[in-house]
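# Summary of the model geometry
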Amino acid sequence: MNQAISHLICDCDGVLLDSESIALGVLHRQLLPYLAERNPHTERALHGAIAERLGMMTDLLLGELDAQFKFGLRSTDYASINQIVSRACSDEVTAVPGVREVLAAMPLPKAVASNSSIARIDAGLRRCGLFDLFDGHIHSGHDMGKPKPAPDVYLAAAAGFDVAPTQCIAIDDSVTGVRSAVAAGIRVFGFTGVAHDRNQAGARLLAAGAELVFDDMQQLADLLAA
């Protein structure tokens with residue numbers, strides 16, 4: 001491993017927790033009734049548009065989809081969909097396969113940098129037996145007010161270690177997250193192991209600035225050592 005890299009920063013949903021597929025399914029089901037024209041083409045377009053935006057805060061994601069598809073969402077719709085997504089991700093989430101074993105065996109200090117709220121991150125990590133791996137280094141772009149793709153949450157994670165961003169490496173599964181890490185000056189590997197379409201997701205992450213992409217957590221130690 002490059003000697004300059006001394007700390008690991010992980011996104012949460014889609015890297016530690018297999019919740020992105022849950023969010024994708026819930027959002028698709030919740031938004032289908034708002035489509036002005038229901039047909040296979042528009043339903044596929046909606047599904048793809050949601051998938052492209054996973055990793056964003058839900059309100060921002062809904063705002064972009066509302067503008068694109070002219071849903072006419074009201075504030076009560078935002079609140080209701082947010083609550084349904086959050087509940088589903090909390091109640092149904094599981095750990096990404098192999099992630100605990102891989103991270104527990106890795107000597108690097110570790111942090112979480114996510115767009116989810118601290119409460120949701122904590123609940124998911126505790127449910128999946130991952131909370132103890134991060135020694136309190138958990139950071140939320142949602143709670144600091146400038147979520148990914150702004151660099152703030154990744155910069156906060158580096159500052160929490162009292163190290164320069166260049167001493168860190170990030171693992172993220174979304175275009176939003178990769179852009180955030182790149183903007184923070186942090187090298188980033190893209191993870192596609194729980195993506196709906198791994199090939200398409202990998203191409204998007206590389207285009208956003210990921211140094212490489214991988215789809216199996218068992219590969220991570222070797223990638224860092226290469």
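Here goes a summary of the coordinates provided. (Residues numbered from 1 in each chain as written. Predicted model: local features only at pLDDT ≥ 70, side-chain atom pairs only at ≥ 80, totals over all residues. Heavy atoms only, no water.)

## Focus: empty space enclosed by the protein
Taking a probe equal in size to a water molecule and rolling it over the atoms shows the remaining empty space. Here is the rule: Grid points spaced at 1 Å and placed over the protein atoms alone form the basis of the search, with a cavity being a set where a 1.4 Å probe fits but cannot get out and a pocket an open set showing protein on both sides within 12 Å along at least five of seven lines. Lining residues have an atom within 4 Å of a point. Grid points are joined across faces, edges and corners, and a volume is the space filled by probe spheres set on the points. Helix and strand definitions follow DSSP, with helices as H or I runs of at least four residues and strands as E runs of at least two, each counted in order from the N terminus. Each residue is assigned to one of three groups, with Ala, Val, Leu, Ile, Met, Phe, Trp, Tyr, Cys and Pro labelled nonpolar, Asp, Glu, Lys and Arg labelled charged, and all others, Gly among them, labelled polar.
Under the defined criterion, the tally for this structure stands at one cavity of 30 Å³ or more. Estimated volume of the largest cavity: approximately 40 Å³. Looking at the largest cavity, the residues that line it are Cys12, Asp13, Leu17, Ser19, Cys89, Val93, Ser116, Arg120, Ile121 and Gly124. In terms of residue count, the dominant contributor to the lining of the largest cavity is helix α6 (residues 118–127) (three residues). Residues belonging to the lining of the largest cavity are distributed by class as follows: five nonpolar, three polar and two charged.

## Observations concerning the pairing of strand β1 (residues 7–10)
Put simply, the rule reads: Buried means the residue's accessible area, taken with a 1.4 Å probe over protein chains only, is under 20% of the maximum for its type, while exposed means over 50%, and partly exposed covers the values in between. Paired strands are those between which DSSP finds at least two bridges.
Along β1, one buried face is formed by His7 and Ile9 and the opposite face, lined by Leu8 and Cys10, is buried too. Taken together, the four bridges between β1 and strand β4 (residues 168–172) define a ladder with parallel strand orientation. Along β4, the bridge assignment pairs histidine 7 with cysteine 168. Two strands pair when backbone bridges link them, and β1 and strand β2 (residues 110–114) are joined in this way by three bridges, in the parallel orientation. Among the inter-strand pairings, leucine 8 is bridged to a residue of β2, identified as lysine 110.

## Some details on the pattern of salt bridges
Two side chains bearing opposite charge may form a pair once their charged atoms approach each other closely. Applicable threshold: Only one rule defines a salt bridge in this text: a Lys or Arg side-chain nitrogen within 4 Å of an Asp or Glu carboxyl oxygen.
Enumeration over the complete set of coordinates arrives at 10 salt bridges. Of the charged contacts, one joins lysine 148 and aspartate 172 as a salt bridge, the two residues approaching to 2.9 Å between their closest N and O atoms. With a gap of 24 residues between them, lysine 148 in the loop between α7 (141–144) and α8 (152–161) and aspartate 172 in strand β4 connect regions that are remote in the sequence. Overall, the relative accessible area of 0% leaves aspartate 172 in the buried class. For aspartate 215, the salt bridge is made with arginine 198, and the minimal N-O distance between the two is 3.6 Å. Placement of the pair is aspartate 215 in the loop between β6 (212–214) and α11 (220–225) and arginine 198 in helix α10 (residues 198–208), with a sequence separation of 17 residues. Of the residues examined, aspartate 215 reaches a relative accessible area of 36% and is grouped as partly exposed. Arginine 198 gets classed as partly exposed once you look at its relative accessible area, which sits at 40%.

## Here's the deal with the side chain of aspartate 77
Going by this rule: Identification of polar contacts relies on pairs of N or O atoms within 3.5 Å, with a donor-acceptor requirement for protein atoms, meaning one able to donate a hydrogen and the other able to accept it, and with residues adjacent in sequence counted only if both atoms are side-chain atoms. By definition, residues are in contact when any of their heavy atoms lie within 4.5 Å.
Residue position: aspartate 77 is located in helix α4 (residues 75–92). Residue aspartate 77 is classed as buried on the basis of its relative accessible area, which comes to 9%. At 3.0 Å, the side chain of aspartate 77 and the side chain of tyrosine 34 are in polar contact. Apart from the residues lying within four places of it in its own chain, the contact partners of aspartate 77 are Tyr34 and Gly72.

## Regarding the packing of aromatic side chains
Convention followed: Ring pairs are drawn from Phe, Tyr and Trp, using the six-membered ring of Trp, whenever the two centres fall within 6.5 Å, and their geometry is named by plane angle: stacked under 30 degrees, edge-to-face over 60, tilted for the rest.
A complete count under the given rule lists three aromatic pairs for this structure. Arranged with centres 5.6 Å apart and planes meeting at 15°, the rings of phenylalanine 69 and phenylalanine 71 form a pair that is stacked. A single burial state applies to phenylalanine 69 and to phenylalanine 71, both of which are buried. One aromatic cluster is present, built from ring pairs that chain together Tyr34, Phe69 and Phe71.

## Examining the environment of threonine 192
With respect to the element layout, threonine 192 can be found in the loop between β5 (187–191) and α10. The class for threonine 192 is buried, based on a relative accessible area of 5%. Sequence separation between threonine 192 and tyrosine 78 is 114 residues; the distance between their C-alpha atoms is 28 Å. With near-sequence residues (within four places) excluded, threonine 192 lies in contact with Arg198, Ala201, Gly202, Leu205, Phe214 and Asp215.

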